[in-house]
Amino acid sequence: MNKVLLLKFGELFLKGRNRHDFIKLLKTNILKKLHGYECRLEETQGRLVLSGYQEQKEDEIIYKLQQVFGLIAVMDAKEIDTSMQSIESEVLNIDLGGVKTFKVSTKRADKTFSMTSMDMDKHLGEIVLDKFSNLKVDLYEPEVTIYVEIRNNGKTYIYNRLHKCAGGLPLGSAGKGLLLLSGGIDSPVAGYLMAKRGLEFEAEHFHSYPYTSIQAKEKVIELAKEISAYCGKIKLHVVSFTEIQEQIHRCCDSEYMITIMRRIMMRIAEKICEKNDLGAIITGESLGQVASQTMQSMNVTNSVVTLPVFRPLIAFDKEDIMDIARKIGTYETSILPYEDCCTVFLPKNPVIRPTIKRAQELEKNLDIDMLVRQALNDEEVIEINNY
Amino acid sequence: MIYLDNAATTKMFDECVQTFRTYSCDKFFNPSALSIASMEVTKNILGTSKFLLEKLGANVGDIIYTGCATESNNLAIKGSVRNGVWEYVFSSGEHPSVYNVAKKLEQDGCVVHFVPLKNDGTCDLDELKKVLNEKTRLISIMHVSNETGALNDLVEISKLKQKFCPKAILHVDGVQAFMKIPFKLSQTSVDLYSFSAHKIHGPKGVAGLYVKNKGALKELFQGGGQQFNLRSGTENVAGIMQLKTAVELIDVEKNYEKVMHLKNLFKDALNVDGIVINDFGGSPYILNLMFLGVKGETMLHALEEKGVIVGLGSACSAKKAGNRILQELGFSKDEIISSVRISFNAYMTESEILDAAKIICEVYADIKRRVQ
C-alpha cells in the first residue's frame, strides 16, 4: 500500500485536441509549485497521481496544490494492487470512528475486474456494516463517502476525503496580460480571477511620491507577492505619476482630473504591453463603484487604447469582491491605510458622465506623448515570485 | 537627519546600551531563582522601583513593570473593572490604548462616560464634574495629550475626585509626561500612573505602572505570580535597568526649560503664510502644525527626503478613520489632513531646530506651488 495524492482536473476534458497541451502545462505548473519537494507525478486516465513524497509533508503539499489553477480537487488516497482481498482489507482499515452514516462509491475503469461498480458498492457496504454494527448506509447525505477507483493500470485507489482546489484553467494557457495594481481591494482580486482563467500577467503600479508614501509602494509589492502564490511569477512595473498628476492638476478642470489621469494610465499600460508582448490590460473596475467606474467613464478611458481591457469584477458587488480578497489572503494588506495614487488630488466633484470630446479638448493642454515617455523612462521593474 | 518625532519614540542613550550588556551577559540571572546571584538582581529591581517612586514624587505605592504602555493602560483599566453597577469615566482625548479599552468596556455592557475636551485640548472639568458620582469606579485621564501636547491639571482633577467620588480609582496615562513635565504624584490623588521607557531615551519593550494600592488591582493573566501576582512572567531585567539608567540621566526641570526655549525658537522661525501653529500651551515637547492646502502625509514624505522626520500622530489614517482628537477640537477635515505633529527632545541643538524650520518652510512653499 502506498499513500498517494489523486489530482482531479476539470474543464481540461473539454479542450479537445488541446487537451494534451493543457495537461502538460498543468503538470509543469504543479511541479513548479512543488519545487523543493521530493515527489513523482504521473498521469492515468483523467487523473494525475502524485506519489513518492514524504508523508509528513502531505498537508503542506495539499495546501500548495490548492493554489494551482486547473485542479478541482485533491484526494489523499491509498494505492493498492487491484484484488478483491486487498480492496476489502483497505476499506475495512478506514477510520470510521464517530461516524453514523456512510456510503461506498466505486468507479471501475478496469472492465476485466469481476464485479460491476454497483455490485462492488453493495458488497463493500455490507462488509463495512458487518464490522461496524452501529453504522447506517445513507445514499443521499452520508457523513462519509468511501471512494474506490479501480484503474486500468492494475492499481486501485481508495479515499474518503476531498480537498477542494481553486479550479479554472492552467496558468499560462490563456497567454499573458498586464494588471493595473493600485493597492486597493479590487485589483488583486481581478488579477486572481484572470489567472484562474489561465492568464498570466505582469503588473503595473503608479506611485506619486511624495504625495504617496514608500509604504504604499511596499504594500503593492506585498500584494503582488500574495497573489503570486496563485498567479505565478509577476514582473511589477512601478511608474512614477507625480509629474503627470501635477501637470494635470495645473492644466485641466478638476472635475476631469481622474478621467484624464486614467486615460494616461491606460496609454502607459498599453506601451508597457507593446514592449513586453502582453495581449490585454486587466483592471479591477466594477460598474458604478465610484465616479471613474461609470459606463461613460470607462468608455472615455477605454477609448485611448486598442488592446482588450479585461474587467473581471465588472458585475461584482463590493462585498463579493471582499470575500474573495479574504479567501486569497490579500484583504488585510489591501486595507492598510496608506494614500494611494488616486486619492491625492481627488477633486470634490469628479465628473460622472465624462465625454471623449471634452477629455480630448483638455488634453490639448498637455504634452501627453512626452509625459508618457518620461514616465516609462523612469520605470522601476521588480521581479516577484512566490509561486 | 533631524528627528522631530520624539513623541513616537526617542533615540536610546548610549549608556542604556551598556546597561543592557551588563544585565544580559554578566548579571543575567532570573530574579525568581534562589541563587545569591538571582537575589542580587532582585535587589537591583527593587532599588529601581524605589528610585522611580522618588522620581514620580510618590510617598507610597509600587511599580509594576510591563512590556509596553499599552499593557500598563490595559492592566490599569481592566484590572480595576468590577462586577456591579459601576461607572467608568474617560476623557475623549485618550490615546487608543486607553480609548479602545474604554470602547470595549462599553461593548461589554459597562456604563462608560466620555468627557469632552475644551478648545485648549484639555479635558473639560465642568463636564467631568457632571458625570462623577458615588458609582464612579474608575477615572482615566491622560496627563499630556500625545496629539496636541495639552496638559491636564492632575491637582484639579484630584480635587474633583475627592469631592464627588473619593473611592474611585484615578488612572493617568503619563506616557508623554513622565520625565518631561515637572510634577509630584504626592500632590495628587492619582492611584495608577502609566509610563514608558522608549519615550525617554530608554529601550522599547519596557514600561511601568505606578500602583498606589496593589490590593485594588486585578491581574490580566495568570502565571508564576511575579510582581505581586499582578504581572506574571520573568521580569525584563535588562530593560528595567535600562529604564533606570535613562531616568538617572534626565534632569526634568532643566530639560523642560530647554525644550520650551527650542519650541519658541522653532515657532518664531516658522513665520510663513499658510503654516498654522497650534500650540495648546501644555507640554513644550509637542506641537501641532497645519499646512493649509497640502496634506500632512505629503509634507511628511517630502520633508523626509530633505532629512527632516516629523510625525502624523494618529492622523496617519486620516483617510480612513479621521483624527479623533483634532475632530473633537472642532478642526475641519481639510485642516486635519493638513496637520503634522512635531515633537522635540531636550538634546537637540538650536541650529538643528532652525535648520528644520527653514527646511519646513522651503518644502511647504515648493509643494504649495506644485499643487495649487
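Please read these numbers as outputs of a predicted model, since none were measured by experiment.

Draft legend 1. Highlighting the overall build of chain B. Across its full length, chain B holds 12 helices and 12 strands. The C-alpha radius of gyration computed for chain B amounts to 21 Å, which stays within 12% of the reference 21 Å derived for 372 residues, consistent with globular compactness. Projected onto its principal axes, the C-alpha coordinates of chain B cover approximately 65 × 50 × 35 Å. Expressed as a percentage of contacts within chain B between residues at least 6 apart in sequence, the contacts between residues at least 24 apart total 74%.

Draft legend 2. Structural view of the sheet that holds strand β11 (residues 200-207) of chain A. Residues and elements named next belong to chain A. As summarised here, the arrangement of the 6 strands in space is β14-β13-β10-β11-β12-β15, forming an open sheet in which the pairing is mixed. Single-partner strands in this sheet number two, and they are β14 (309-310) and β15 (380-384). Sheet analysis places strand β12 (residues 234-240) next to β15, joined by 5 bridges and oriented antiparallel. Bridging from a neighbouring strand, Val-238 pairs with Glu-380 of β15. In the packing of helix α8 (residues 257-276) onto the sheet, the strands contacted are β10 (176-180), β11, β12 and β13 (281-282), and the crossing angle to β10 comes to about 150°.

Draft legend 3. Spotlight on the sheet that holds strand β9 (residues 275-278) of chain B. Residues and elements named next belong to chain B. In spatial order, the strands read β9-β10-β12; together these 3 strands make up an open sheet with antiparallel pairing. Looking at the sheet topology across the chains shown, the edges are occupied by β9 and β12 (339-343). On average, each strand axis in the sheet is tilted by 25° relative to the strand beside it, whichever way the strands run. Pairing of strand β10 (residues 286-291) with β12, which is carried by 5 bridges, proceeds in the antiparallel orientation. Residue Leu-289 lies in a different strand from β12, and its bridge partner there is Val-340. Across the face of the sheet, helix α9 (residues 296-305) comes into contact with β10 and β12 while running at roughly 50° to β12.

Draft legend 4. Just the pairing of strand β4 (residues 111-115) of chain B, in detail. Residues and elements named next belong to chain B. As paired elements, strand β3 (residues 87-91) and β4 share 5 bridges and run parallel to each other. For Phe-90, the partnering residue across the bridge sits in β4 and is Phe-114. In terms of handedness, the path from β3 via helix α4 (residues 96-107) over to β4 forms a crossover that is right-handed.

Draft legend 5. A look at the packing of helix α5 (residues 186-196) of chain A against helix α10 (residues 318-328) of chain A. Residue and element names in this part refer to chain A. Following both chains from N to C, one finds α5 and α10 inclined at 75°, their axes separated by 9 Å at the closest point. Regarding the angle of α5 to α10, the classification is roughly perpendicular. Along its contact with α5, which presents Asp-186, Pro-188, Val-189 and Tyr-192, the element α10 presents Ile-321, Ile-324, Ala-325 and Ile-328.

Draft legend 6. Just the domain arrangement of chain A, in detail. Split into domains, chain A comes out as domain 1 (2-164) and domain 2 (176-384). For domain 1 of chain A and domain 2 of chain A, the distance between their C-alpha centres works out to 43 Å.

Draft legend 7. Layout of the domain arrangement of chain B. Residues and elements named next belong to chain B. Domain assignment breaks chain B into domain 1 (14-249) and domain 2 (251-371). Computed over C-alpha atoms only, the centres of domain 1 and domain 2 are separated by 28 Å. Contact with domain 1, which involves 22 residues of that partner, is made by 19 residues of domain 2. Its residues assigned to classes, the side of domain 1 that touches domain 2 comprises 10 nonpolar, 9 polar and 3 charged.

Draft legend 8. Broad picture of the environment of Met118(A). In this fold, Met118(A) is placed in helix α4 (residues 117-131). Each C-alpha atom of the pair Met118(A) and His35(A) lies 40 Å from the other, and the pair is 83 residues apart in sequence.

Thresholds, definitions, all that
- Residue positions are given per chain, counted from 1 along the sequence in the order it is written.
- Key to labels: chains lettered from A, ligands numbered from 1, both in the order written.
- Since the coordinates come from a predicted model, pLDDT governs what is reported: local features require at least 70, and pairs of side-chain atoms require 80 or more to be given and counted, while whole-chain, interface and lining totals use all residues.
- A helix here means a DSSP run of H or I that spans at least four residues, while a strand means a run of E at least two residues long, and both kinds are numbered starting from the N terminus.
- Each radius of gyration reported is based on C-alpha atoms, and the globular scaling rule is 2.2 Å times the count of residues to the power 0.38.
- A pair of residues counts as a contact when their C-beta atoms, built from backbone coordinates, are separated by no more than 7 Å.
- For two strands to be treated as a pair, DSSP must find no fewer than two bridges joining them.
- Convention adopted: a line fitted to C-alpha atoms gives each axis, helices being fitted over their contacting stretch, and angles between N-to-C directions are expressed from 0 to 180 degrees.
- For a crossover, the right-handed case is the one in which the path from the first strand over the helix to the second runs clockwise, viewed with the strands pointing away from the viewer.
- Note on terminology: angles under 35 degrees are roughly parallel, angles over 145 are roughly antiparallel, angles of 65 to 115 are roughly perpendicular, and the others are oblique.
- As annotated, the domain borders come from an automatic or database domain assignment.
- Following the grouping adopted for this structure description, the nonpolar residues are Ala, Val, Leu, Ile, Met, Phe, Trp, Tyr, Cys and Pro, the charged ones are Asp, Glu, Lys and Arg, and the polar ones are all others, Gly among them.

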